[in-house]
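# Understanding the architecture of this molecule
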Amino acid sequence: MRGPIRFQAGHDLELREIERVGNYALSFTWGDSHSSGIYSFRYLRTLGELVGSQGAEAVKALGELPRA
């Protein structure tokens, strides 16, 4: 997959289910029942470090997220 990853505000941000995908990723089901996307452990770590260093609001303000 190519192109930017853009922040999408959701209506129901409750995390209802986390499912392991192989040995490399997670898939999430949200409160509004959407579950699109597979997120690698590597990407989630990178995103967590970005939020940790800049804060969640600053990351949202970026509008686009880096790819791992």
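Before any of the text, the structure's been laid out above.
Structural notes, computed from the coordinates. (Residues numbered from 1 in each chain as written. Predicted model: local features only at pLDDT ≥ 70, side-chain atom pairs only at ≥ 80, totals over all residues. Heavy atoms only, no water.)

### Comments concerning the environment of Ile5
Our working rule: Segments assigned H or I by DSSP are reported as helices when at least four residues long, segments assigned E as strands when at least two residues long, and all are numbered from the N terminus. Type-normalised accessible area, obtained with a 1.4 Å probe on protein chains alone, sets the label of each residue: buried when under 20%, exposed when over 50%, and partly exposed for intermediate values. Should any heavy atoms of two residues lie within 4.5 Å, those residues are counted as being in contact.
Looking at the element boundaries, Ile5 is found in strand β1 (residues 5-6). For Ile5, a relative accessible area of 23% corresponds to the partly exposed category. Along the sequence, Ile5 and Gly63 sit 58 residues apart, while their C-alpha atoms lie 8.4 Å from each other. Other than its neighbours up to four places away in sequence, Ile5 contacts Tyr43, Gly63, Glu64, Leu65, Pro66 and Arg67.

### A short note on the pairing of strand β3 (residues 25-30)
So the rule is basically this: Strands are labelled as partners when DSSP assigns at least two bridges between them.
Bridge count for strand β2 (residues 15-21) against β3 is six bridges, and the pairing is antiparallel. Residue pairing across strands places Val21 opposite Ala25, the latter belonging to β3. Pairing of β3 with strand β4 (residues 39-40), which is carried by two bridges, proceeds in the antiparallel orientation. Opposite Leu26, over in β4, you have Tyr39 as the bridge partner.

### Quick look at the packing of aromatic side chains
Selection rule: Any pair of Phe, Tyr and Trp rings, taking the six-membered ring for Trp, is counted once the centres come within 6.5 Å. Such a pair is stacked with planes under 30 degrees apart, edge-to-face with planes over 60 apart, and tilted for the rest.
Overall, the coordinates contain three aromatic pairs when judged by the stated rule. Note on Phe28 and Tyr39: the rings are 5.8 Å apart at their centroids and 40° apart in plane angle, and the pair reads as tilted. Of the two residues, Phe28 sits in strand β3 while Tyr39 sits in strand β4, which places them 11 residues apart along the sequence. With relative accessibility at 29%, the residue Tyr39 sits in the partly exposed group. Taken together, Phe28, Trp30, Tyr39 and Tyr43 form an aromatic cluster joined through their ring pairs.

### Looking at the environment of Ala25
Relative to the helices and strands, Ala25 is located in strand β3. The exposure class of Ala25 is buried, given its relative accessible area of 0%. Separated by 13 residues in the primary sequence, Ala25 and Ile38 have C-alpha atoms spaced 6.3 Å apart. Once residues within four sequence positions are removed from consideration, Ala25 is found in contact with Glu19, Arg20, Ile38, Tyr39, Ser40 and Phe41.

Remember that the coordinates give geometry; whether it matters functionally is a separate question.
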